[in-house]
Amino acid sequence: MWLLLMAVMCAEPEPIPPEIRKYFELQEVDFEEAVKRLQSSIKSTEVLADAESSSRMKSSLQKQAKKLRADLESLEQQRFHPKPDRGLKSGLGGAAYVGQIGTLPECKLKAAVDGVPVMQCTAPYGRTVVLTDVDAKSVHPKKPYRSDTLWIVRAVKTNDENLKSHLEGPGGGTGYYFVEKLDRKEVAKRREQFDTERRGEIRKP
């Protein structure tokens, strides 16, 4: 019995689901890009400060550079912290894909089909989104729908004739997708697992 208990305690955690791992990796890309932008701003501000002949302007630029360096230091301290959520693709320039994870842009109820809400995003060129695990009765028919939940795209097409007539995007496009809520606690647990893995990778020689 004791050996069985020890085996359970020492067992490896379940692998992070691929779609959730990809989401975390994309968050890290966002983070690294933010670091690079700050580094670039610091460099350009310091170059301007060095070239400035006005003592007042030079002082102002030096203060800006100092603040930017403090922002960079603060950002880098968050390397192993959960990163800000990413939004789902919306608009003509970005098509959603099955397994994509993110937050929904603000949207409004377009139609209720068999109790399922079909939402129209209010962002420019917004997509039509079907909330597969939400009761249409819980969505206000006129007020904007806002959600801080993470969602996962389960499908980007349908053969459901009842739904098809409501899924046309702006200009007759077909930029729609079906989403389902993710459990925030599960995502947080996986994020902790992901960050633990990354700490171990960075420590390796």
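Look up: the structure comes first, before these words.
Residues numbered from 1 in each chain as written. Predicted model: local features only at pLDDT ≥ 70, side-chain atom pairs only at ≥ 80, totals over all residues. Heavy atoms only, no water.

We now examine the side chain of Thr149. Within the secondary structure layout, Thr149 lies in the loop between β4 (128-131) and β5 (151-155). Filtering out sequence-adjacent residues up to four positions away, Thr149 remains in contact with Gly102, Thr103, Lys181, Leu182 and Arg184. (Helix = DSSP H or I, 4+ residues; strand = E, 2+ residues; numbered from the N terminus. Contact = heavy atoms within 4.5 Å.)

Moving on to the packing of aromatic side chains. By the definition in use, this model includes three aromatic pairs. Geometrically, the ring pair formed by Phe24 and Phe194 is tilted, given 5.3 Å between the ring centres and 50° between the ring planes. One end of the pair, Phe24, is in helix α2 (residues 18-51); the other, Phe194, is in helix α5 (residues 184-203), with 170 residues separating them in the sequence. On the basis of an interplanar angle of 80° and a centroid distance of 6.1 Å, the ring pair of Tyr176 and Phe178 is categorised as edge-to-face. Per residue, the accessibility class of Tyr176 equals that of Phe178, and both read buried. Put simply, the rings of Tyr23, Phe24 and Phe194 touch in pairs and so form one group of aromatic residues. The positively charged end of Lys83 is found above the aromatic ring belonging to Phe31, 4.8 Å away from the centroid. (Phe/Tyr/Trp six-rings, centres within 6.5 Å; stacked < 30°, edge-to-face > 60°. Buried < 20%, exposed > 50% of the residue type's maximum accessible area, 1.4 Å probe, protein only. Lys NZ or Arg CZ within 6 Å of the ring centre and 35° of its normal.)

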